[in-house]
Amino acid sequence: MPDIKFAKLVVLINCAVPITLLGWDAYNHRLGANPLEFATHTTGTLTLVFLTLSLAVTPLRKMLGLPWLIQLRRTLGLSAFFYGSLHLLCYVWFDKAFKLGAIGQDTLKRPFIFLGMLSFLVMVPLAITSTNKMVRRLGGRRWNRLHKLVYLAAAAGVLHYYLLVKADTRIPLAFGSVLVLLLIYRILHKFFPSSTQRIPARQVK
Ligand code: HEM
């Protein structure tokens, strides 16, 4: 069993690297010809990356027989929420100048914006209930059921991405394929638990 505190710190530092680099490049005016677009795209991609990583934790810990990996999931999930909030801020600020009416209209008119909003809104209760106190308050079963919504957030995020790209759909399709594989794993694990994990189920919560 590794030093969990150290592992958590390593993950946290890695989660903070992209925002540090983005901030540094922005400070040095190195975000290219359209810095606002660059910031929107970068934060959008990071949201999906961290969401996918947080979803990969459970399959990995079961397949590799590393139960302690679960302790790293919260940092990854909260990082997804953090980058998602920045992404939303970029849109609300740079695209819409904080005009709520225009944001509402855009959300209803453009399916890709609607899906982005849906993905983000689904992440809000998950972030709020991510503390140990909230896990205790909700109870393990209810908490787990609620947190299955992370799949909805990821699926809406992938569709949002797929709909907004004009020609080259390879990257959103790659994210979609990983998500489908993770879902297949979860379904297999539900019905055939012994075939999907290396260590006995009672040792892996
Ligand atoms: C909160 C509501 C959201 C809004 C209003 C929003 C809006 C946008 C906009 C305007 C763009 C740029 C579109 C373009 O240049 O044509 C974009 C790109 C993107 N968004 Fe969102 N988004 C939201 C939530 C999300 C979420 C939750 C995710 C991930 C789960 C996400 C992932 C992405 C990705 C991956 C891109 C494209 C990045 C790239 O082109 O490299 N977005 N979003």
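Scoring rules and cut-offs
- Residues numbered from 1 in each chain as written.
- Predicted model: local features only at pLDDT ≥ 70, side-chain atom pairs only at ≥ 80, totals over all residues.
- Heavy atoms only, no water.
- Donors = N, O, S within 2.8 Å, 3.2 Å for Na, K, Ca; no water.
- Tetrahedral: all angles 85-135°; square planar, octahedral: opposite > 155°, others 65-115°.
- Helix = DSSP H or I, 4+ residues; strand = E, 2+ residues; numbered from the N terminus.
- Buried < 20%, exposed > 50% of the residue type's maximum accessible area, 1.4 Å probe, protein only.
- 1 Å grid on protein atoms, 1.4 Å probe; cavity = no way out; pocket = protein on both sides within 12 Å on 5 of 7 lines; lining within 4 Å.
- Points joined across faces, edges and corners; volume = space filled by probe spheres on them.
- Nonpolar A, V, L, I, M, F, W, Y, C, P; charged D, E, K, R; others polar.
- Disulfide = S-S within 2.5 Å.
- Near = heavy atom within 4 Å.
- Polar contact = N/O pair within 3.5 Å; in protein donor to acceptor, adjacent residues only side chain to side chain.
- Sits in = over half its atoms within 2 Å of the grid points.
- Contact = heavy atoms within 4.5 Å.
- pLDDT = per-residue confidence, 0-100.

Colleague: What is the right way to look at the coordination of the iron atom of the ligand in this model?
Modeller: Around a metal, the idealised angle for a tetrahedral arrangement of four donor atoms is 109.5 degrees; for an octahedral arrangement of six donor atoms it is 90 or 180 degrees. For the iron atom of the ligand, every protein donor is listed as His87 (NE2) and His160 (NE2), and the spread of their distances is 2.0 to 2.1 Å. Between the six donor atoms coordinating the iron atom of the ligand, the angles at the centre fall across 87 to 179 degrees, so the site counts as octahedral. Here His87 is found in helix H3 (residues 73-95), whereas its partner His160 is found in helix H8 (residues 150-164), with 73 residues between them in sequence. Of the two residues examined, His87 and His160, each falls in the buried class.

Colleague: Whenever I open this one, the layout of surface pockets confuses me. Can you help?
Modeller: Gaps left between atoms are located by rolling a probe of water-molecule size over the structure's atoms. Size it by volume and the largest pocket reaches roughly 1,600 Å³. Lining the largest pocket are 44 residues, with Thr58, Ile70, Arg73, Trp143 and Asn144 sitting closest to its centre. Secondary-structure elements contributing two or more residues to the lining of the largest pocket are helix H2 (35-64), H3, helix H5 (111-128), helix H6 (132-138), helix H7 (140-147), H8 and helix H9 (170-191). In terms of residue count, H3 provides more of the lining of the largest pocket than any other element does, seven residues in total. Residues that form the lining of the largest pocket fall into these classes: 21 nonpolar, 13 polar and ten charged. Volume-wise, the second largest pocket comes out at about 910 Å³. What lines the second largest pocket is a set of 34 residues, among which Thr40, His87, Phe112, His160 and Leu164 lie closest to the centre. Looking at the lining of the second largest pocket, the element that brings in the most residues is H2, giving nine residues. Considered class by class, the residues forming the lining of the second largest pocket number 17 nonpolar, twelve polar and five charged.

Colleague: I keep staring at the state of the cysteines and nothing clicks. Help me out?
Modeller: Here, disulfide denotes a covalent bond that connects the sulfur atoms of two cysteines. Under the defined criterion, the tally for this structure stands at zero disulfides. Looking at Cys15, it has no disulfide partner, and the nearest cysteine sulfur is the one in Cys90, 18 Å off.

Colleague: Any chance you could explain the site of the ligand here in plain terms?
Modeller: Lining the immediate environment of the ligand, one finds 23 residues, of which His41, His87, Tyr91, Ser119 and His160 sit closest. One nitrogen or oxygen atom from the side chain of His87 is found 2.8 Å from a nitrogen atom belonging to the ligand. Comparing atom positions with the cavity grids shows the ligand to sit within the second largest pocket. Grouping the amino acids of the shell around the ligand by side-chain chemistry returns eleven nonpolar, ten polar and two charged.

Colleague: In this structure, what is going on with the side chain of Asp106? I would like to understand it.
Modeller: Tracing the backbone shows Asp106 in helix H4 (residues 100-109). Apart from the residues within four sequence positions on either side, Asp106 is in contact with Tyr91, Lys96 and Ile113.

Colleague: Any chance you could explain the confidence of the model for the protein chain here in plain terms?
Modeller: Parts of the model with low pLDDT should not have their predicted coordinates read in detail. A residue-level look at the protein chain finds 96% of positions with pLDDT of 70 or above and a mean pLDDT of 94. Confidence drops under pLDDT 50 across residues 201-205; counting only partners more than four residues distant or on other chains, this segment forms seven contacts.

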